[in-house]
Each structure stands twice: as C-alpha cells, then as structure tokens.
Amino acid sequence: MQGTVNGFSYGLVTPVAAFLMACLGGALGLRCTTRSLRHHDTFKAGWLALGATSIGTGIWTMHFIAMMGFSVERAPLTYDRPITFASLGVAVLMVGIGIFIVGYRGATPLALVTGGTITGLGVATMHYLGMAGMRLQGRIEYDTLTVALSVVIAVVAATAALWAAVSVHGFLASLGASLVMGGAVSGMHYTAMAAVSVHLHGTEAQGGTGDNATSLLLPMLIGPAVFLILAAVVVMFDPLLVMGDPDWQRPAARIPHRPGVPAPRHVPSYGEPANWSARPAGRTARRSVPRGAHRSQDW
C-alpha cells in the first residue's frame, strides 16, 4: 500500500529552523577556514578542524530538525541510534577532508573541485545514511533522477562554499555567503526528500525498534547546539575573524606610473638609509623642487 508522505507536519517551523542551523554552521565554518588561510600560524590545523566540525554539525542538525516535520500517515517513524549518529561522523569526516585539501593546497581550481566534490559527497552520504537509520513498517524507495539531482546540488553547493571561504573576506560578505550556503544545503535536503516514496507492508500501524523523533530531539538540539554556540564564542573572541584585517596591515596598492608624470620619490622608513644618489643634480633640477619639500615628505 502506498503511504501518504508529509514533509511539513509543523508547517514552516522546521524548514526555517533547519535553514538557520545550516546558516550558523556554514558561517562558522567559512570564517574558521578563512582564518586558517589568511594567517599561517601554529593553529592552522585547529582552525580547519573547527571549521569542518562546525559545518558538519550544522548540516547534520539541519537534517534532523527538518526530519522532525517528516511523517507518513498510519506509519510511526523511529530511528536507529547508532546509524543516526554515524551519519554525523561521516559528515564531519568528509567535510574535514575537503576543507583540509583547500586549506593546505591553496585556492587552486583542482583543490577547489576536489575538495568540493568530497565535501558534497559527504553531505549527500550523511543525508542518505540518516535516512537509512529511519525505521517504519514499510519500504522506502527513491527516484533515481531526483537522487542524482540532490547529489549534484550538494557538490555544487560545497564547491561554492569552499570558494567563498578563500575568496570572501568581509564580515557582511561572509554573512551573505553563509545564507547562500544554508539555502543550498536546505534545498539539497528537500530535493532529496522529494525523491522519497513509501510502500507500507500493511494497514495496521505497528511500532518499530529504536528512538522516535521526540526522543532524538534532546540530544540533537542540546549536544550539537552547545558545540555550535561554543564555536561561535571562539570566533567572536578573534577580531580578525569578525572584522578582517585592519587597513593599516593591508599591503598598499601600487600606483601605476604614467608617461610624462614624475614617479613619486621613495620615502625611506625609519632606520632605512636614504638613497642620496637618486637626488636630482644641477641648478635646474633643484629649482623644480620647492625648498624644504623633501624634509616635509620625509616626516
């Protein structure tokens, strides 16, 4: 018997909450990855690991918040705990591999494509492994083309997220990138759920073994949410992650030399010997420079 599937049992509550959780994990992951790429210090691996864990945890939490709104008429849903939390480990591991590739190989096209593909496949694997942990008195089937589309969305979204991590440096720009990433991950989830069809074994509703959605709510919200909050605190206490580099630390832009215009004279910094041989010689050259101009420029 064909089961009636409803993916929005609580209306817009679960989609909006899932989207916000995906955005939070994506924002933390992008900022941590940016921190590791722009500042090569001894904590590079730690920042990459924190970013991978933030993204993986945010995506996993997003998935199961969205699954709170998934129901099948006359078929109570339960979840297998080991498989459910194994999907979290898969998400963090594969996202970590993709982020570490970009973090240590740089923002080359090959690194972005490789890291994005591995990260996207990790997101898709997490989703379908989490679905494999769902128990009901029936059989779940998938539409092949829709599943393939969801995997493509996951890979494209992950590649775009890694590109944003190495290309976007401002706070507002990173916030926008995290919103796009959250929307892409949520779109991948609901595209994959559109591929689901359920065939019930009988008309009688029978209970299954495992944890239902309600009993999963407590560890799902408390554990990962506490981690994401702690990660957000770490990010907030690093001003370079929030505001970026100050202007005085950025390299000055070179002014192109135009024909017919004298090139600006190099002003020696403190402790640097002056290049006296570069000073203009002759009476005509001295008249072209106002008296005391070189002294005022030096100071």
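Everything discussed here concerns the structure shown above.
Here the structure is a predicted model, which means the values were calculated and not measured.

1. What about the packing of aromatic side chains?
- A complete count under the given rule lists six aromatic pairs for this structure.
- On the basis of an interplanar angle of 55° and a centroid distance of 5.1 Å, the ring pair of Trp60 and Phe64 is categorised as tilted. Here Trp60 and its partner Phe64 are both found in helix α2 (residues 44–67), four residues apart, which amounts to about one turn of the helix. For the pair Trp60 and Phe64, one class covers both residues: buried.
- Ring centres 5.6 Å apart and planes at 80° place the aromatic pair Tyr128 and Tyr142 in the edge-to-face group. Of this pair, Tyr128 sits in helix α4 (residues 109–132) while Tyr142 sits in strand β5 (residues 138–142), and the two are 14 residues apart along the sequence.
- Using a relative accessible area of 32% as the deciding quantity, one classes Tyr142 as partly exposed.
- Over the ring of Tyr104 we find Lys44; its NZ or CZ atom is 5.3 Å from the centre of that ring.

2. Here we look at the nonpolar core
- Within the largest apolar cluster, 55 residues are counted, with the highest numbers of intra-cluster contacts made by Ile59, Met67, Phe70, Val72, Ile99, Met134 and Leu136.
- Those elements that provide at least two residues to this core are α1 (13–38), α2, α3 (81–105), α4, α5 (144–167), α6 (171–194), β6 (196–200) and α7 (213–236).
- Among all residues touching Ile99, those that are not within four sequence positions of it are Thr33, Leu48, Gly51, Ala52, Ile55, Thr119 and Leu162.

3. Side note on empty space enclosed by the protein
- Applying the stated criterion to the full structure yields two cavities of 30 Å³ or more.
- If you add up the space inside the largest cavity, you get close to 130 Å³.
- What lines the largest cavity is a set of 17 residues, among which Thr119, Ala157, Ala158, Ala161 and Met181 lie closest to the centre.
- Of all the secondary-structure elements, those providing two or more residues to the lining of the largest cavity are α1, α2, α4, α5 and α6.
- Sorting elements by how many residues they give to the lining of the largest cavity places α5 first, with six residues.
- Taken together, the residues of the lining of the largest cavity break down into 15 nonpolar, two polar and no charged.

4. Details of α5
- Compared with an ideal rise of 1.5 Å per residue, which puts 24 residues at 34 Å, α5 spans 35 Å between its outermost C-alpha atoms and is within 8% of the ideal.
- Every buried residue of α5 is accounted for by Thr146, Val147, Ser150, Ala154, Val155, Ala157, Ala158, Ala161, Leu162, Ala164, Ala165 and Val166.

What counts, and where the lines are drawn
Residue positions are counted from 1 within each chain, in the order its sequence is given. This being a predicted model, a pLDDT of at least 70 is required before a residue's local features are given, and a value of 80 or more before pairs of side-chain atoms are given or counted; all residues contribute to the totals for chains, interfaces and linings. Hydrogens are left out, water is left out, and the side-chain values use all remaining heavy atoms of the structure. What counts as a ring pair is set by centres within 6.5 Å for rings of Phe, Tyr and Trp (its six-membered ring), and what kind of pair is set by the plane angle: stacked under 30 degrees, edge-to-face over 60, tilted for all other angles. Runs of E in the DSSP output that reach at least two residues are strands. Runs of H or I that reach at least four are helices, and both are numbered from the N terminus. Exposed residues in this analysis have more than 50% of their type's maximum accessible area, buried residues have under 20%, and partly exposed residues fall in between, with area computed by a 1.4 Å probe over protein chains only. Look at NZ for Lys and CZ for Arg. If either is within 6 Å of the ring centre and within 35 degrees of the ring normal, a charge sits over the ring. Among buried residues, those of type Ala, Val, Leu, Ile, Met, Phe, Trp, Tyr and Cys that are joined through side-chain atoms within 4.5 Å constitute a nonpolar core. The contact rule is simple, with two residues in contact once any of their heavy atoms fall within 4.5 Å. Using protein atoms alone on a 1 Å grid, points that fit a 1.4 Å probe yet trap it form a cavity, whereas open point sets bounded by protein on both sides within 12 Å along at least five of seven lines form a pocket; residues with an atom within 4 Å of a point count as lining. Grid points are joined across faces, edges and corners, and a volume is the space filled by probe spheres set on the points. Under this grouping Gly is polar, as are all residues other than the nonpolar Ala, Val, Leu, Ile, Met, Phe, Trp, Tyr, Cys and Pro and the charged Asp, Glu, Lys and Arg. Working rule for helices: expected span equals 1.5 Å times residues minus one.

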